[in-house]
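For reference, the chains in residue letters:
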Amino acid sequence: MTTPDTTARRAIGACAVLMVGALTLTACGGGSDSGKDDGKGGKESPSASAAKIAISARNGSTGASINTTGVKVTDGDLTAVKMTVAATGAAVPGAISADGAAWKPKEQLERGTKYEISATAKDTDGRTTTSRSTFTTVSKANSFIGTYTPDGGTTVGVGMPVSFTFDKGISDKKAVQSHITVSSSSGQKVVGHWFGSQRLDFRPEAYWKAGSKVTMKIDLDGVQGANGVVGVQKKTVTFTVGRSQVSTVDVNTQTMTVVRDGKTVRSVPISAGSPEHTTYNGQMVISEKYKKIRMDSRTVGLENAYNISDVPDAMRLTQSGTFIHGNYWYNKGNPPFGRTGTSHGCVGLQDVRGGGASMPATWFYDNSLLGDVVIVKNSPDKTVAPDNGLNGWNMSWTEWVAGSAV
């Protein structure tokens, strides 16, 4: 069965990733005032406060970072900081640190937005000073973001690569790749590989070691990826590799053997692609899971071959539409599972409408993680392309390393 690729991976930037980077502060902007009340409604002769306020973005600047905005003070304590969106006056929440030395927003700023900050501090003698700045953050046209998988805090299968897709073409691949590091507690060497100018994947030579922790450090804030285009992302993401599960589909026998941590746990009858619509060979990684999904053949150029609104227990294997999924519409008088291929390229497992606890498809769905590997062999079709889904494992290590920019 095939389906359109309608589900984008998680966006970094504006959608799925909110991040506040290390506070990097330069010169302050705006004006200041200081002095003590003389008790008669006026000011004594000015005596400058020893406190010095530094606002991260200079007054009137454009292209400011959305990650490093903040305020710092030396030789004094911050007493009040107010930040607003200039166009609306909407307050930007933030907090002064416990020691009174710094303030930063609670959330990442928006791109291409004008902000205003005013900050007041006092020194040990109680003398106050105020500083203000109005600035505009880097525009969307002059910055790049990406999507990445997997999400931080998740547990994935041993085949899950780290995959970025950038929203703009990257011409300085070395600069971008060198500011993303991926490491594993297993000690496995991890290398990046570019698929074109907008996708960068990372993986080790062999599958991740079960139980390992993988850390991805994104330090792209201000990195120039192309002429006049800089990154805006700064975050550290950690995920866990779960147990090892690799399932092998043999098209000759129409069976799938599920191996977990080196031991065979189940042999499942399947129905792969028909002779007219064969299934790809190769190592494929489960990238999405759906208890129910619509599959419409028109979205993959097969006219009106099928349109099923509630395909159960479906897991994506390729971006072009290959799934392993439940099949409840099979010929009950002549079930194909374990006997013959009848699908339009997907791997079908016996199921009931809505999924059933005793059904092979539901069992496999419930026992699979994103990042688990499904290997198809003995199909008359070609091997799946490495960039069709998260399937870079179909490329030799030599070829993979050759696609690195660093």
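Use the structure listed above.
Note that the coordinates shown come from a computational prediction; the quantities given were computed from them, not determined experimentally.

Each value, and the rule that gives it
- Residues numbered from 1 in each chain as written.
- Predicted model: local features only at pLDDT ≥ 70, side-chain atom pairs only at ≥ 80, totals over all residues.
- Heavy atoms only, no water.
- Helix = DSSP H or I, 4+ residues; strand = E, 2+ residues; numbered from the N terminus.
- Buried < 20%, exposed > 50% of the residue type's maximum accessible area, 1.4 Å probe, protein only.
- Contact = heavy atoms within 4.5 Å.
- Areas by Shrake-Rupley, 256 points an atom, 1.4 Å probe, with all protein chains shown as cover.
- Pairing = 2+ DSSP bridges.
- Axes fitted to C-alpha atoms, helices over the stretch in contact; angles between N-to-C directions.
- Core = buried A, V, L, I, M, F, W, Y, C linked by side-chain atoms within 4.5 Å.
- Salt bridge = Lys/Arg side-chain N within 4 Å of Asp/Glu carboxyl O.
- Phe/Tyr/Trp six-rings, centres within 6.5 Å; stacked < 30°, edge-to-face > 60°.
- Lys NZ or Arg CZ within 6 Å of the ring centre and 35° of its normal.

Student: Help me understand the overall build of the protein chain, please; the structure alone is not making it clear to me.
Tutor: When helices and strands are tallied, the protein chain shows four helices and 27 strands. Per-residue burial over the protein chain gives 49% buried out of 406 residues. If you take every contact in the protein chain between residues at least 6 apart in sequence, the share linking residues at least 24 apart comes to 68%. For the protein chain, the exposed surface amounts to about 17,800 Å²; the carbon and sulfur share of it is 49%.

Student: In this structure, what is going on with the sheet that holds strand S7 (residues 128–136)? I would like to understand it.
Tutor: Remark on secondary structure: sheet strands pair via backbone hydrogen bonds, oriented parallel or antiparallel. Taken in spatial order, the three strands line up as S3-S6-S7 in an open sheet, and their pairing is antiparallel. A single partner strand is all that each edge strand has here, and the edge strands are strand S3 (77–85) and S7. Shown here is a sheet whose adjacent strand axes are inclined to one another by a mean of 15 degrees, direction ignored. Of the pairings in the sheet, the one linking strand S6 (residues 114–122) to S7 comprises nine bridges and is antiparallel in character.

Student: Would you explain the nonpolar core in this entry?
Tutor: Soluble globular proteins tend to bury their nonpolar side chains together. Phe164, Phe166, Ile180 and Met216 are the most contacted members of the largest nonpolar core, which has 33 residues in total. Mapped onto this core, the elements with two or more residues apiece are strand S11 (162–166), helix H2 (173–177), strand S12 (180–184), strand S13 (190–195), strand S14 (199–204), strand S15 (213–219) and strand S18 (234–241).

Student: What's the story with the pattern of salt bridges in this structure? I'm lost.
Tutor: Side chains that differ in charge, positive against negative, can pair when their charged atoms come close. Considering all chains together, one arrives at nine salt bridges under this definition. For Asp123, the salt bridge identified is with Arg127, shortest N-O distance 2.9 Å. A relative accessible area of 6% places Asp123 in the buried class. Taking the shortest distance from any N to any O, the salt bridge between Arg243 and Asp372 comes out at 2.8 Å. With a gap of 129 residues between them, Arg243 in the loop between S18 and strand S19 (245–250) and Asp372 in the loop between helix H3 (360–366) and strand S27 (373–377) connect regions that are remote in the sequence. Members of the salt-bridge network, linked through shared partners, are Asp123, Asp125 and Arg127.

Student: What's the story with the packing of aromatic side chains in this structure? I'm lost.
Tutor: Working definition: an aromatic ring pair is given by the centre-to-centre distance plus the angle between the planes. A full pass over the atoms with the stated rule returns eleven aromatic pairs. Considering the side-chain rings of Trp363 and Phe364, the 6.5 Å spacing of their centres and the 35 degrees angle between planes classify their relative orientation as tilted. Of the two residues examined, Trp363 and Phe364, each falls in the buried class. An aromatic cluster of three or more residues is present, and its members are Phe144, Tyr148, Phe164, Phe166 and Trp194. Just above the ring of Tyr365 sits the side chain of Lys289; from NZ or CZ to the centre is 4.2 Å. The ring centre of Tyr365 lies 4.8 Å from the NZ or CZ of Lys291, which sits over that ring.

Honestly, that's just the spatial picture; any functional story needs more than this.
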